[in-house]
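Chain by chain, the residues:
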Amino acid sequence: MLAKIIEWSGRNRFLVLLATLFIVIGGVYAVAKTPLDACPTSPTCRSSSTPNTPARRRRWVEDQVTYPLTTSMLAVRSPRWCGGFSFFGASFVYVIFRGWHDIYWARSRVLEYLNFASSRLPKGVTPALGPDATGVGWVYQYVLLAKDRTLAKLRTIQDWYVRYQLTTAQGVAEVASIGGFVQTYQVTVDPVKLRAYGIPLSKVSQVIRDSNRDVGGRVVEMAGKPSIWCAARAICAASATSKCWW
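Residues numbered from 1 in each chain as written. Predicted model: local features only at pLDDT ≥ 70, side-chain atom pairs only at ≥ 80, totals over all residues. Heavy atoms only, no water.

A short note on the overall build of the protein chain
The number of helices and strands found in the protein chain is eight helices and five strands. Each of the 246 residues in the protein chain was classed as buried or not, and the buried ones make up 22%. The contacts of the protein chain with a sequence gap of at least 6 include a subset with a gap of at least 24, amounting to 59%. Summed over all atoms, the accessible surface of the protein chain reaches about 18,800 Å², with 60% contributed by carbon and sulfur. (Helix = DSSP H or I, 4+ residues; strand = E, 2+ residues; numbered from the N terminus. Buried < 20%, exposed > 50% of the residue type's maximum accessible area, 1.4 Å probe, protein only. Contact = heavy atoms within 4.5 Å. Areas by Shrake-Rupley, 256 points an atom, 1.4 Å probe, with all protein chains shown as cover.)

If you want it as structure tokens, here you go:
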């Protein structure tokens, strides 16, 4: 069979050259029109949204955060694809536009609909526009592991040490933290004792908010001379829990 093909090709050189020419033209056209990349949709303009969700399970994030944002982004002008990914305590929504739109035009359109969709999200969920990175930017993932560290301690190390050091590296647009337990402070009240002392729960909340205030004092000049007395009174007046005797 192979010998016959070689013999036929030797007798019909013109047809072989003509077929070779068509194959070369077809190959050049395929290379020019076929998108070749690690991510098939990366050449198009895309924008991402990363809501800051509490530590909730994936099903809750999918129903309460990812789905409302994805359906709201469908109304954006000329979207090619809109979808989201839900994780434990994190949600990522991507919008890919048709054609070669300007990246900042796409981000402005997504930001408008993102502000409108914020009213449909649960309390405590704050959506934010992702960095202006391409689809192939998410290429590196790492995990912090330690035998003598808890998940809360590892998340603290990630948020306050590792994240900032990686952000300063050249070419890094964003470092997203997923997993672990975010360090928080909780106050457990005894309703029986509050009722015995006649203290409402709103008063406890107000005292906690006032204790977190950071008010600095300064020297007030009166008649061209600094008055430490006025500065001390200003500091005392700013503190809701202090008692000053003058």
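We are not done yet, so read on.
Re the pattern of salt bridges
One pass over the full model with this rule turns up four salt bridges. A salt bridge links Asp63 to Arg59, with the nearest nitrogen and oxygen atoms 3.4 Å apart. With Asp63 and Arg59 both in helix α3 (residues 58-73) and four residues apart, the pair spans about one turn of that helix. Put simply, Arg109 and Glu112 hold a salt bridge, and the shortest N to O gap is 2.7 Å. On the criterion of helical spacing, the pair formed by Arg109 and Glu112 is a turn pair, its members being three residues apart in helix α4 (residues 103-117). Using a relative accessible area of 22% as the deciding quantity, one classes Arg109 as partly exposed. The class for Glu112 is partly exposed, based on a relative accessible area of 45%. (Salt bridge = Lys/Arg side-chain N within 4 Å of Asp/Glu carboxyl O.)

Brief notes about the nonpolar core
Within the largest apolar cluster, 16 residues are counted, with the highest numbers of intra-cluster contacts made by Val65, Leu69, Met73, Val95 and Phe97. Broken down by secondary-structure element, the contributors of at least two residues to this core are α3, β3 (90-97) and α4. (Core = buried A, V, L, I, M, F, W, Y, C linked by side-chain atoms within 4.5 Å.)

Focus: the packing of α3 against α4
Direction vectors running N to C along α3 and α4 enclose 135°, while the axes themselves pass 10 Å from each other. It follows from the interaxial angle that α3 and α4 lie oblique. Once α3 is placed against α4, the crossing between them reads as right-handed. Where α3 approaches α4, its residues Leu69, Ser72 and Met73 are matched on the opposing element by Val110, Tyr113, Leu114 and Ala117. (Axes fitted to C-alpha atoms, helices over the stretch in contact; angles between N-to-C directions. Parallel < 35°, antiparallel > 145°, perpendicular 65-115°, else oblique. Left-handed = near helix turned anticlockwise from the far one by under 90°.)

Description of the packing of helix α1 (residues 2-11) against helix α2 (residues 13-33)
Their axes nearest at 5 Å, the elements α1 and α2 cross at an angle of 100°. With respect to α2, the element α1 is oriented roughly perpendicular. Contacts between α1 and α2 involve Trp8, Ser9, Gly10 and Arg11 from the former and Arg13, Leu15 and Val16 from the latter. In terms of residue class, the contact of α1 with α2 is made up of three nonpolar, two polar and two charged. (Nonpolar A, V, L, I, M, F, W, Y, C, P; charged D, E, K, R; others polar.)

Notes on the confidence of the model for the protein chain
The pLDDT averaged across the protein chain works out to 76; a share of 74% of its residues lies at or above 70. Helix α6 (residues 191-197) holds the highest mean pLDDT among the elements of the protein chain, 90, whereas helix α8 (residues 228-238) holds the lowest, 50. Across residues 40-44, where pLDDT falls below 50, the model places 11 contacts with residues more than four positions away in sequence or in other chains. Counting contacts from residues 240-246, a segment whose pLDDT is below 50, to residues more than four positions away or on other chains yields eight contacts. (pLDDT = per-residue confidence, 0-100.)

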